[in-house]
Amino acid sequence: QVQLVESGGGLVQAGGSLRLSCAVSGRTFINYSMAWFRQAPGKEREFVSAITWRGNNTIYANSVKGRFTFSKDNAKNTLLLQMHSLKPEDTAVYYCAASLSSIPYSDYARYRYWGQGTQVTVSS
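Residues numbered from 1 in each chain as written. Predicted model: local features only at pLDDT ≥ 70, side-chain atom pairs only at ≥ 80, totals over all residues. Heavy atoms only, no water.

### Remarks on unusual backbone geometry
Phase 1 of the analysis: One non-glycine residue, Asn77, lies in the positive phi region at around 50°.
Phase 2 of the analysis: Summarising the element assignment, Asn77 is placed in the loop between strand 7 (68–73) and strand 8 (78–83).
Phase 3 of the analysis: Asn77 sits in the partly exposed class, given a relative accessible area of 25%.
Phase 4 of the analysis: Positive phi is not limited to glycine here, since Ser85 has a value of about 50°.
Phase 5 of the analysis: Within the fold, Ser85 resides in the loop between strand 8 and strand 9 (92–99). (Helix = DSSP H or I, 4+ residues; strand = E, 2+ residues; numbered from the N terminus. Buried < 20%, exposed > 50% of the residue type's maximum accessible area, 1.4 Å probe, protein only.)

Here's what the structure looks like:
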C-alpha cells in the first residue's frame with residue numbers, strides 16, 4: 001500500500017504562485033511513477049504532470065508547460081508541484097497519484113493510488 005497526502009492548496013490571484021506538496025508513505029519502489037491530476041467542477045479529471053520515481057523523466061500537459069514544475073524531494077519522500085503564472089482556468093482540486101509502472105503515463109487509469117486532493121482556486 002502507498003499513502004499519498006496532498007497539501008499547499010489555497011486561494012491565489014491570477015498571475016500568482018502556489019506550491020503543492022504530496023507526502024508519500026507506505027510501500028514505495030524505485031520503479032513507481034508519480035503524477036498530478038486535477039479536476040474542476042463538472043469536468044473530467046485532467047492530467048497535469050508525471051515523473052518517474054528516479055526523477056529522470058518528466059512530462060507535462062501542454063496547458064501547464066512552462067508554468068508548472070514537478071520535482072521530488074527523495075530525502076523527505078515528498079513530491080512538489082511548483083505553479084507559477086496561475087490562471088483562473090487552473091482552478092481545480094489537485095490530486096497526487098502513484099502508478100506501479102516506471103513509465104510516466106498521462107492516463108489516469110494507469111494510476112492505482114490516489115490522495116484525497118487539495119483545492120486550488122485562482123481568482124481573476
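Next comes the rest of the write-up.
### Considerations on the side chain of Asp90
Phase 1 of the analysis: One can find Asp90 in the loop between strand 8 and strand 9.
Phase 2 of the analysis: Since its relative accessible area comes to 0%, Asp90 is described here as buried.
Phase 3 of the analysis: Looking at Asp90, its side chain comes within polar contact range of the side chain of Arg38, at 2.9 Å.
Phase 4 of the analysis: Filtering out sequence-adjacent residues up to four positions away, Asp90 remains in contact with Arg38, Arg67, Phe68, Ser85, Val120 and Val122. (Polar contact = N/O pair within 3.5 Å; in protein donor to acceptor, adjacent residues only side chain to side chain. Contact = heavy atoms within 4.5 Å.)

### Let's talk about the environment of Tyr113
Phase 1 of the analysis: Among the secondary structure elements, Tyr113 is positioned in strand 10 (residues 113–114).
Phase 2 of the analysis: For the pair Tyr113 and Gln3, spaced 110 residues apart in the sequence, the C-alpha separation amounts to 7.4 Å.
Phase 3 of the analysis: Once residues lying within four places of it in the same chain are set aside, the contact partners of Tyr113 are Gln1, Val2, Leu4, Tyr32, Cys96, Ala97, Ala98 and Leu100.

### Comments concerning the pairing of strand 5 (residues 46–52)
Phase 1 of the analysis: Counting buried positions over the seven residues of strand 5 gives six, a clear majority of the element.
Phase 2 of the analysis: Summarising the sheet, strand 4 (residues 33–39) and strand 5 pair through six bridges and their orientation is antiparallel. Opposite Trp36, over in strand 5, you have Ser49 as the bridge partner.
Phase 3 of the analysis: Relative to strand 6 (residues 58–60), strand 5 runs antiparallel, the two being bridged by three bridges. Paired with Ala50 across the two strands is Ile59, which belongs to strand 6.
Phase 4 of the analysis: Taken together, strand 5 and the strand that follows it, strand 6, pair antiparallel across an intervening segment of five residues, in which Gly55 is found at a positive phi of about 80°. (Pairing = 2+ DSSP bridges.)

### Notes on the sheet that holds strand 1 (residues 2–7)
Phase 1 of the analysis: Spatial strand order, 1-3-8-7: four strands in an open sheet with antiparallel pairing. The sheet terminates laterally at strand 1 and strand 7, the two strands that pair on one side only. Averaged over neighbouring strand pairs, the angle between their axes works out to 20° when direction is ignored.
Phase 2 of the analysis: Bridge count between strand 3 (residues 18–26) and strand 8: six bridges; the pairing is antiparallel. Within strand 8, the residue paired with Arg19 across the bridge is Gln82. (Axes fitted to C-alpha atoms, helices over the stretch in contact; angles between N-to-C directions.)

Any link to function would need more than the numbers given here.
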